[in-house]
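Listed below, chain by chain, are the residues.
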Amino acid sequence: MAKGFFLHVLKGPWFMVFSSFIIMSTAGTPYAFGLYSNVVKSVLGYDQSTLNLISFFKDVGTNVGVLSGLIAEVTPPWFVLLIGAVMNVVGYLMIWLSVTQKIAKPQVWMMCLYIGLGANSTAFANTGAMVTCIKNFPASRGVVLGLLKGYVGLSGAILTQLYHAFYYNDQKALILLVGWLPAAINVAFAPFIRLMKVDRQSNELKVFYNFLYITLGLAGFLLVMIVIEQKVSFTQSEYGGSAAAVLFLLFLPLGIIIIEEFKLWRSKRLALSDGSQLQVITDKTKTETNPSLPQASPLSVNSLLEPSTEKPVSCWKNIFSPPTRGEDYTILQALFSVDLLILFYTVISGVGGTLTAIDNLAQMGISLGYSPRSISTFVSLISIWNYLGRVMAGLVSEILLKKYKFPRPLMLTIILLVACIGHLLVAFHPPGGLYVASVIIGFCFGAQWSVVFTTISEIFGLKYYSTLYNFGSVASPIGLYILNVTVTGHLYDKEAKKQLTALGLVKKAGQALNCTGVHCFRLSFIIIAAVTLSGALVSIFLVLRTRKFYKSDIYKKFQEEAKVAEKELAFVGH
């Protein structure tokens, strides 16, 4: 009996959710870039423009997951996750070998390739674990997506605690950690990630809320540790104690999962132990012999056997004739729709701006005179508030939608307006401004992703969500290249050269180019704030276009399917 229950838990839908949580909790390796970017810059002798170019390819890898989406359409999720694990190990291991100078100094294009390859494993984790979960729980997709994206947001702070416990303050070893740990977790939990027909339970949403409470506890603990570590110097063994507590909170949802799976297991055993199946067979026999029921005519049977003469419609002919919103669009119908183009621009302007701030966090801290410990605090703060943004945006927008028919794109407009405040705080840097900016930017970055991806699933359906999800992500590196490489990196280096000239110095070959003072990033973030504001204004058009759709019951289809499934289960006795 114990063995049967153990196998039931491993094959159950809730353990699949738990496995997704663990995979996503280390999937945000690109967000740890701020912790080791200065080591890459100093050891390899890069200027800010070159570092930002490498950062751009990191985010290309993170967000351009079209390949993972297409692979997911024809292969099982576990295969997608295993590909991601291999890419993670290869990419980050090559960066670690380069920074530790165990191999010859690579060309810049090679570093771009390595980090792009390693970061692309995040897209494979998102597609393999998160998209599978959303398809398994479509009626709770807002909360599910918020939770899973929340774990990605927390992964930066989680990896920071584990890094200090394993390697203390060796920043080069952090690159090694982000190479082997997520890959090992992917391999361990990939067998449990699969698409399944989940019977919607009456307490489904309550279970997800219980998971939410645990993740809030994890986020709260990490936030407390960030504050304490900022004030007190920890030894490696003390970091080990902190990491152990983090691991305990990560695995705490397993208790809820065992309870829920036990309920399902017990109900199935009870259903099989009674004589319901025999009764069903008897009733079915009576029904078949009942003369009052209409018999199928030979014509109707023959028509089913005959091949259809109706020609399938070409995917190119119906591109501009999409179904109603909420139904399953084809990939081409979605890509050529005005709704997706508007979302594409909001991601370019909104996510591109917040991601530029996150990637330049270490350089902003150094230019403004903050200590390495404070910079580590900024990275952890962004990670915590990134999590809260993802979870709260998913949860709050879901509640507002169900209770008040509040359009989800309007939530996106509000988030972009708040992000403008964070960018202006970076630009003008009032006392303590970078701490507040870290909170705002981290929250808005996470919230944007949660709202954008849920909106895509609602408007364009779930049939091709694996691919459309990743097409939505493509906009992020476009915005990052424009705002980070061509604007921020260029203006930073321009200011740094001006300061170098004022000191009567000349930059030597292989020497890192550094800038100090608030002017290093001021103009860049004023421009970023203006671009983000334009994204907020454009998103209002999507609000207007979808207002009728969001006033309707957009989840009615899934509720009806759940009722049909419940009736079928009642009939066959599980």
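Residues numbered from 1 in each chain as written. Predicted model: local features only at pLDDT ≥ 70, side-chain atom pairs only at ≥ 80, totals over all residues. Heavy atoms only, no water.

1. Digging into empty space enclosed by the protein
- Taken as a whole, this structure holds six cavities of 30 Å³ or more when the rule is applied.
- Taken as a whole, the largest cavity holds about 90 Å³ of empty space.
- Around the largest cavity sit 13 residues that line it, and Thr 62, Asn 63, Asn 126, Lys 149 and Tyr 469 are the ones nearest its centre.
- If you list the elements that add at least two residues to the lining of the largest cavity, you get α4 (48-63), α7 (108-136), α8 (141-167), α20 (433-460) and α21 (465-502).
- Among the residues forming the lining of the largest cavity, the class breakdown is six nonpolar, six polar and one charged. (1 Å grid on protein atoms, 1.4 Å probe; cavity = no way out; pocket = protein on both sides within 12 Å on 5 of 7 lines; lining within 4 Å. Points joined across faces, edges and corners; volume = space filled by probe spheres on them. Helix = DSSP H or I, 4+ residues; strand = E, 2+ residues; numbered from the N terminus. Nonpolar A, V, L, I, M, F, W, Y, C, P; charged D, E, K, R; others polar.)

2. Observations concerning the pattern of salt bridges
- Across all of its chains, the model carries six salt bridges by this definition.
- The partner of Arg 325 in a salt bridge is Asp 339, with the nearest N and O atoms 2.7 Å apart. In this pair, Arg 325 is assigned in the loop between α14 (298-305) and α15 (331-335) and Asp 339 in helix α16 (residues 338-359), connecting sequence segments 14 residues apart.
- You can call Arg 325 partly exposed: its relative accessible area is 27%. (Salt bridge = Lys/Arg side-chain N within 4 Å of Asp/Glu carboxyl O. Buried < 20%, exposed > 50% of the residue type's maximum accessible area, 1.4 Å probe, protein only.)

3. A look at the confidence of the model for the chain
- Averaged over all residues, the pLDDT of the chain is 81; the fraction at 70 or higher stands at 86%.
- The secondary structure element of the chain with the lowest average pLDDT is α14, at 42, and the one with the highest is helix α6 (residues 77-99), at 94.
- Low pLDDT, under 50, characterises residues 276-289; the stretch is placed with six contacts to residues that sit more than four places away or in other chains.
- Within the model, the stretch residues 291-310 combines pLDDT values under 50 with two contacts to residues more than four positions away or in other chains. (pLDDT = per-residue confidence, 0-100. Contact = heavy atoms within 4.5 Å.)

4. Topic: the state of the cysteines
- Inspection of every chain in the model, using the stated rule, returns one disulfide.
- Among the cysteines around Cys 420, which has no disulfide bond, Cys 444 carries the closest sulfur, lying 8.8 Å off.
- Cys 420 sits in the buried class, given a relative accessible area of 10%. (Disulfide = S-S within 2.5 Å.)

5. Focus on a nonpolar patch on the surface
- The grouping of Leu 417, Leu 533, Leu 537, Ile 540, Phe 541 and Leu 544 at the surface amounts to a nonpolar patch, some 560 Å² of accessible area in total.
- Among the elements that take part in the nonpolar patch, helix α22 (residues 522-551) stands out by supplying five residues, more than any other.
- If you trace the backbone, Leu 537 turns up in helix α22. (Patch = residues over 30% accessible without salt bridge, like charges linked within 9 Å, V, L, I, M, F, W, Y side chains within 5 Å. Areas by Shrake-Rupley, 256 points an atom, 1.4 Å probe, with all protein chains shown as cover.)

6. Details of the layout of surface pockets
- Considered as a void within the structure, the largest pocket measures approximately 520 Å³ in volume.
- His 164, Gln 171, Pro 372, Arg 373 and Ser 376 are the residues nearest the centre of the largest pocket, which is lined by 28 residues in total.
- Secondary structure elements with two or more residues in the lining of the largest pocket: α3 (33-44), α8, α10 (204-231), α17 (361-367) and α18 (372-404).
- Looking at which element gives the most residues to the lining of the largest pocket, the answer is α18, with six residues.
- In terms of residue class, the lining of the largest pocket is built from 13 nonpolar, 13 polar and two charged.

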